[in-house]
Amino acid sequence: MTEFTPGSALAGGLMIGASASLLLNLNGRIAGISGIVAGLFQRDLREVSWRAAFVAGVLLAPLLYSVLFGPLPPVIFDAAVGMIMAAGLLVGFGTRLGSGCTSGHGVCGLSRGSPRSVLATGVFMITAVVTVLITRHLIGQ
Amino acid sequence: MLALSAFAAGLLFGLGLIVSQMVNPAKVLAFLDVTGSWDPSLAFVMVGATAASAIGYAVANSRGIPVLGDRLEIPNRRDFDARLIGGAALFGIGWGLVGLCPGPAVVMLPFGLWQGSAFVVAMLAGMGLFAALRSAKAGSSSREVGV
C-alpha cells in the first residue's frame, strides 16, 4: 500500500528523460542502464571510462539528493534473501538476453518509437504484472 | 569531456530515480499490482521520461551528430526474435518478484541496505552468466551496443 504521488513521479520522470537526452546529445549514447553496467566489463578503456563515469554519477545521486532535498525517501523490501538473489539473476540475465531494461527499452526505446523496444516493454510489463498477481494474490504472502 | 558529460547524465538519472520513488520496491510492486491496491504513480514516471527523452531524440536526430561524441550510436534493428521476447519475459519476472530493475538497484547501493547489495551481486552474476554462455556459443565476443 503506497500513496499516489503523480507530481513527484512526473518530475522524477522528466529528470530521467532529460538525462537520456543529455547522454544522447552530448555523447551520442543510449542511457540504458543494463547495457551501461554490463559494458563496464571489457578491455576497451574508452568504452569503460564513460560508463564508469555514468555509474559514478548514479552512485553519487543519493548524496546530492540528501543535500538538496533532505532525507532520502523510504525504501521498503518485502522479499527474503533467496527471492532477492533469484530476482537479481533473472534481471541480470534477462536484460542482457533481451538487450535492455526499463531505461533502455522502456524510456529510450519507446521515446524514439523502436518496434523492438515497444514489444520488449509490453512483454516485461505483462510478465511483471502476472508475477505480482501470482505472488500477491494467487499464492498469497 | 565524454566522462564528465556521462557523469552529469548519471547524476541526473539517479536523482530522477530517487525523486520519482522508483527506488522504492514497495512503490514499484504497488504499480505492478493492478488487481490489488493499485498505485498508478509510476505511469507518470514513464510519461515524463519518454516525453523528455523524445524531445532529446528529436534534437539529436536533427543535428545528426552528438556535441562531444563521434557519432550517434542508436540501435536500428527492427526485427523481432525469440531472444528479445524471452529476455524481456525473464526480466519482467525478476522485476515483479522484488520490485527492482537495474537503475534503481544501482542508485540504491549507497543506501547501504543488504537487499540492494545482494540484488546487484546477483544481477552482475546473471549478466556474467549471459556473457559466459554467449562467448561459449560464439567462440568470440564483440562489443555490445547499449540496447
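Attention here is on the structure that accompanies the text. (Residues numbered from 1 in each chain as written. Chains lettered and ligands numbered in written order. Predicted model: local features only at pLDDT ≥ 70, side-chain atom pairs only at ≥ 80, totals over all residues. Heavy atoms only, no water.)

## Focus: unusual backbone geometry
Quick note on the threshold: By definition, any uninterrupted DSSP run of H or I lasting at least four residues is a helix, any uninterrupted run of E lasting at least two residues is a strand, and each is numbered from the N terminus. Between buried and exposed lies partly exposed: a residue is buried under 20% and exposed over 50% of the maximum accessible area for its type, with that area taken using a 1.4 Å probe on protein chains only.
At Ser 99 of chain A, a residue that is not glycine, the phi angle is positive and equals roughly 60°. On the secondary structure map, Ser 99 of chain A appears in the loop between helix 4 (81-97) and helix 5 (102-111). A positive phi angle, near 70°, is found at Gln 21 of chain B, a position not held by glycine. Inspection of the secondary structure assignment puts Gln 21 of chain B in the loop between helix 1 (2-19) and helix 2 (25-32). Under the relative-accessibility criterion, Gln 21 of chain B is labelled buried at 17%.

## Some details on the interface of chain B and chain A
As a reminder of what qualifies: Any two residues having at least one pair of non-hydrogen atoms within 4.5 Å are treated as being in contact. Buried area: the sum, over both parts, of the accessible surface (1.4 Å probe) that disappears when the two are put together. Salt bridges are identified by distance alone: a Lys or Arg side-chain nitrogen within 4 Å of an Asp or Glu carboxyl oxygen. Here a polar contact is taken to be a pair of N or O atoms separated by no more than 3.5 Å, where protein atoms must pair a possible hydrogen donor with a possible acceptor and residues adjacent in sequence count only if both atoms sit in side chains. Nonpolar residues are Ala, Val, Leu, Ile, Met, Phe, Trp, Tyr, Cys and Pro. Charged residues are Asp, Glu, Lys and Arg, and all others, Gly as well, are polar.
Listed per partner, the contact involves 110 residues of chain B and 109 residues of chain A. Surface buried jointly by chain B and chain A totals about 10,000 Å² across both partners, of which 76% is contributed by carbon and sulfur atoms. On the surface where chain B and chain A come into contact, there are five salt bridges. Salt-bridge contacts for Arg 116 of chain A lead to Asp 81 of chain B; the nearest nitrogen and oxygen are separated by 3.6 Å. Linking chain B with chain A are 29 residue pairs in polar contact (both at pLDDT 80 or more). Secondary-structure elements contributing two or more residues to the side of chain B that touches chain A are helix 1, helix 2, helix 3 (41-63), helix 4 (82-98), helix 5 (102-108) and helix 6 (114-138) of chain B. Taken together, the residues of the side of chain B that touches chain A sort by class into 70 nonpolar, 26 polar and 14 charged.

Geometric values such as these leave the question of function open.
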